[in-house]
Amino acid sequence: MDIDWVCKHHSDLSKEQLYAILKLRAEVFVVEQNCPYLDVDGLDLEGDTCHLMAWQDNRLVAYLRLLDPHSQNSDVVIGRVVIAPQARGQGLGHKLMEQGLKQAEKHWPGTSISLSAQAHLQGYYSRYGFGVVGIEYMEDGIPHIGMHRP
């Protein structure tokens, strides 16, 4: 699997890259997960938000968003973690998380990282040093849990 990893500040995204990101997120989070919600939340273009993309044969196959700690007044926040349906089952999720953590450290060295995980993925994120914070809650009809990595 030949993957081209690209991490860009939101101001450096091309319109084609932004379109591919929003399309993949809508395909998975809204359509596949049958969860009608406003994915375009105003944070994609805020502060020093960065977008980590995995491209294969000119197709976006994996993505996550890194919200900068300054605009969040807290930790780096990892969100919108998604693997394209056709790219699943190849370990790409693990590579995406490894790349995401590297990029967070590169841009904001030594800063804690938080995320809001779908509850069934708690074990996945714990492999990367994330621990549960708080109690399970519902977000857009899906059980979630806050997680933190010092």
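Residues numbered from 1 in each chain as written. Predicted model: local features only at pLDDT ≥ 70, side-chain atom pairs only at ≥ 80, totals over all residues. Heavy atoms only, no water.

Some points on helix α1 (residues 15-32)
One turn of an α-helix holds 3.6 residues; hence residues three or four places apart share an orientation. Compared with the 26 Å implied by 1.5 Å per residue over 18 residues, the 24 Å span of α1 between its first and last C-alpha is a close match. The principal kink in α1, of about 30°, is found at A26. Listing the buried residues of α1 in full gives Q17, A20, I21, L24, R25, V28 and F29. Buried residues belonging to α1 abut β1 (4-9), β2 (50-56), β3 (59-67) and β4 (76-83). (Helix = DSSP H or I, 4+ residues; strand = E, 2+ residues; numbered from the N terminus. Expected span 1.5 Å × (residues − 1). Bend = angle between axes of the 7 residues up to and from the residue. Buried < 20%, exposed > 50% of the residue type's maximum accessible area, 1.4 Å probe, protein only. Contact = heavy atoms within 4.5 Å.)

Details of the packing of aromatic side chains
One pass over the full model with this rule turns up three aromatic pairs. With 4.8 Å between their ring centres and 75° between their planes, Y124 and Y125 make a pair best called edge-to-face. The two residues Y124 and Y125 agree in class, both being buried. Clustering of aromatic rings is evident, with ring pairs tying together Y124, Y125, Y128 and F130. (Phe/Tyr/Trp six-rings, centres within 6.5 Å; stacked < 30°, edge-to-face > 60°.)

As for the pattern of salt bridges
A side chain with one charge can pair with a side chain of the opposite charge if their charged atoms come near. Applying the stated criterion to the full structure yields nine salt bridges. Close ionic contact of R65 with D41 constitutes a salt bridge, the shortest N to O distance being 2.9 Å. In this pair, R65 is assigned in strand β3 and D41 in the loop between α1 and β2, connecting sequence segments 24 residues apart. R65 sits in the buried class, given a relative accessible area of 3%. Beyond isolated ion pairs, a larger network of salt bridges with shared partners links R25, D39, D41, D44, R65 and R80. (Salt bridge = Lys/Arg side-chain N within 4 Å of Asp/Glu carboxyl O.)

Observations regarding the UniProt feature "domain: N-acetyltransferase" (unreviewed entry) in the protein chain
The UniProt feature table records "domain: N-acetyltransferase" (unreviewed entry) at residues 8-150. The span residues 8-150 is 30% helix and 34% strand, and its two end C-alpha atoms sit 24 Å from each other. (UniProt positions renumbered as here; feature names shortened; annotations may be inferred.)

What to know about the pairing of β3
Of all nine residues in β3, eight are buried; the element is thus mostly enclosed. Relative to β3, β2 runs antiparallel, the two sharing seven bridges. Counterpart to A54 in the pairing with β3 is A62. The turn linking β2 back onto β3 is made up of two residues, and D57 within it adopts a positive phi angle of 50°. The pairing of β3 with β4 spans five bridges and is classified as antiparallel. Opposite A62, over in β4, you have I83 as the bridge partner. (Pairing = 2+ DSSP bridges.)

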